[in-house]
Amino acid sequence: MKQFEYSNSEQSWPSFVNRTPRLQLNTLDFSDLWDEEDLDLGIADDDPFQSNVLPRLNPGHGLNPPAPPPAPPLAPPPPPSPQVNPVALGSGRRTLKLHWKELLNLQPLPRVSRFGSQCIWAALEPVHLDTNRLEYLFESKSSSNKALSALKGGTQNPQCVSVLGVKRSNIINIALSGLPPPHLLPPAIYSMDSSVLDREDVQRLQSLVPSEEELKLIKEAKAQAPRCPLALAEQCLLTLGSITHLSSRLQLWAFALDYDILEEEIAEPLFHLKLAMEQLATNQTFHYILATVLAIGNCLNGCKARGFELSYLGKLSQVRDTHSRQPLLHHVCVLLLQLYPQSSDLYSNITAVTRASKCDYLQVQSSLSALESLCKASWEQLHMLNKEGMKKGAGRGEGDEQRGISEACLYQRLPQFLKECNERLKVLRAVHRRVINRFHSFLLYLGYSRSMVRETNADAFCKTVSDFALEYRTAHHAILQQRERDREREEREKEEKIRKTSASTAKTKAIESPAPNCMEQSMLEEVLNTPTSPSCFDLSLPRHRSRTPNTRGLFCRLLYTKIEVVKEIVQHATDNTQPMSMLSNELQTS
């Protein structure tokens, strides 16, 4: 029988630690982390990853010499001197105080910093405030003050051998409902065939690993009743017990299936933190807010502080003025809308800060240590299985040849996979170290002292900034909505005023010039009031001799004509089809 080579897995664990890889984990790119960020800033007390600094290659001379030890920490700053409130002394008006932690001494930044050569407070522009209004608004006034139930097994078949407890049997039967038949499990486990068993199946099998005591009881019961079949749970445990090093195989398989997920659980929080620092460092609205709050605080406190700890941002909504009872955050929003109309609501521009606030970076460090331990343990388990396979290789029969081939293919794949995992783990350690060091540098950029940097957790810092940004967005939108409502109300009042003016003007014109209907009515009355006397003749004029006219017939014709005219007027008023001037001409003709 052909002997298989296992030379790839004979290498020792420390043999893969001499090359600097590219800082990229799947789709997450950390290549912008500098080599200088491997160096500690002298802030963290104990970092288990600082001793594993990635070696940097020198094209001409190999590895660079190790970096010099960090400089000793600076002496603690002197105690703060009492502050005098010149505002209160000059104006005689007491104001509310902002109880922040003043940054007395701004720490120097590292020689190589991602955020520039000076801290954020030194680059802020001064904000000019109406100090009289602030003193008026924030004038101090004395009056403001689960039980689990055990599973019960069904009736046991007296023909089957069962030695396990009811609870254990039920757990095994429930797990077997989602697994292939027990006799198909050993080949899939030996070859680690993911097409037969997925990650959930491997996790179920890890809970079904039999103990030595359980296997002993099952074998004794089988020996006492060789003709009776075993129950399903006992048969499953006996089948799994026939697989050598079952627990090690399942752990190695689970690590191979879980590595991508475990790596992503570590890399994603670090990527969110890196983006969060970049968004805060480049966001102009965040700078405007810090400058405005600093100016307001210096005005109210009567001092000239150079900065303050950012944890005070969460208290801006709790400080209220003594007149309108509006929170200080409201006044900050109003000032920013007046001084910086181009500013945003902040929360929408720092989404990475919100995502980073939901991560536990202490757990990230623990997960990284656990992943490194799992990788090392998997390498040792592979060595153990490799040695066992070499011992059993010569004694295999023809029936075991297929299983030997599948195991040999597995032993050729796993060393390459574990070597790749180790390379990716080196990248992950470097990313974690550099991101945490960059966060410490970012806190120094914000003016924090080194002692404050040691006490500040990344997730707590991001949550403070994220919660403040959410409150600021709420206040920002409320002010904009109130301004929109005021503008709409003014427009409605203006339209109502114009409508009333138009109505009064139309009424005045109607009084001065009567309508056409009124003129027609007056003409109708004039026609009806016209007398019906016969026509008068001038006796002085010469006339021919003729018969005496029929006066009665003339009177009837006039009356008939008037009736016809009235009908025409009524028809005109109804249909409005004949002009009034024509009716008037007919009347005159009549």
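Let us look at the structure shown here.

Reading the values: the criteria
- Residues numbered from 1 in each chain as written.
- Predicted model: local features only at pLDDT ≥ 70, side-chain atom pairs only at ≥ 80, totals over all residues.
- Heavy atoms only, no water.
- Axes fitted to C-alpha atoms, helices over the stretch in contact; angles between N-to-C directions.
- Helix = DSSP H or I, 4+ residues; strand = E, 2+ residues; numbered from the N terminus.
- Parallel < 35°, antiparallel > 145°, perpendicular 65-115°, else oblique.
- Left-handed = near helix turned anticlockwise from the far one by under 90°.
- Contact = heavy atoms within 4.5 Å.
- Nonpolar A, V, L, I, M, F, W, Y, C, P; charged D, E, K, R; others polar.
- Core = buried A, V, L, I, M, F, W, Y, C linked by side-chain atoms within 4.5 Å.
- Buried < 20%, exposed > 50% of the residue type's maximum accessible area, 1.4 Å probe, protein only.
- Domains from an automatic or database assignment.
- Phe/Tyr/Trp six-rings, centres within 6.5 Å; stacked < 30°, edge-to-face > 60°.
- Salt bridge = Lys/Arg side-chain N within 4 Å of Asp/Glu carboxyl O.

**Focus on the packing of helix α5 (residues 199–207) against helix α8 (residues 246–282)**
Reasoning step 1: Put simply, α5 and α8 touch, their axes get as near as 10 Å, and they point 150 degrees apart. When the axes of α5 and α8 are compared, the pair comes out roughly antiparallel. The crossing of α5 and α8 is left-handed. Listed contacts from α8 to Arg199, Val202, Leu205 and Gln206 of α5 are Leu250, Gln251, Trp253, Ala254, Leu257 and Asp258.

**Digging into the packing of helix α3 (residues 166–176) against helix α7 (residues 232–241)**
Reasoning step 1: Interaxial distance between α3 and α7 falls to 9 Å at its minimum, and their mutual angle equals 75 degrees. Between α3 and α7, the angle is such that the two are roughly perpendicular. Residue-level contacts link Arg168, Ser169, Ile172, Asn173 and Leu176 of α3 to Leu232, Ala233, Glu234, Cys236 and Leu237 of α7.
Reasoning step 2: Split by residue class, the contact of α3 with α7 holds six nonpolar, two polar and two charged.

**What to know about the nonpolar core**
Reasoning step 1: In terms of nonpolar packing, the biggest core is built from 130 residues, with Phe30, Trp121, Ile189, Phe308, Leu310 and Phe461 touching the most fellow members.
Reasoning step 2: Each of domain 1 (166–243) and domain 2 (263–390 + 402–458) accounts for three or more of the residues forming this core.
Reasoning step 3: Aside from chain neighbours lying at most four places away, what touches Leu310 is Trp121, Phe286, Leu290, Leu446, Tyr448, Phe461 and Thr464.

**A closer look at the packing of aromatic side chains**
Reasoning step 1: One pass over the structure, following the stated rule, counts 14 aromatic pairs.
Reasoning step 2: Pairing Phe255 with Tyr259 gives two aromatic rings, centres 5.6 Å apart and planes at 65 degrees, and the pair type is edge-to-face. One end of the pair, Phe255, and the other, Tyr259, are both in helix α8, four residues apart, so they sit about a helical turn from each other. Both residues of the pair, Phe255 and Tyr259, belong to the buried class.
Reasoning step 3: What links up through ring pairs into an aromatic cluster is the set Phe115, Phe439, Phe442, Tyr445, Tyr448 and Phe461.

**What to know about the pattern of salt bridges**
Reasoning step 1: Under the counting rule described, the total for this entry stands at 19 salt bridges.
Reasoning step 2: Arg168 is paired through a salt bridge with Glu214; the nearest N and O atoms lie 3.1 Å apart. Of this pair, Arg168 sits in helix α3 while Glu214 sits in helix α6 (residues 212–224), placing them 46 residues apart in sequence.
Reasoning step 3: One salt bridge connects Arg489 with Asp486, and the closest N-O pair in it is separated by 3.1 Å. Separated by three residues within a single helix, Arg489 and Asp486 lie in helix α15 (residues 458–512), roughly one turn from each other.
Reasoning step 4: We classify Asp486 as partly exposed; its relative accessible area is 24%.

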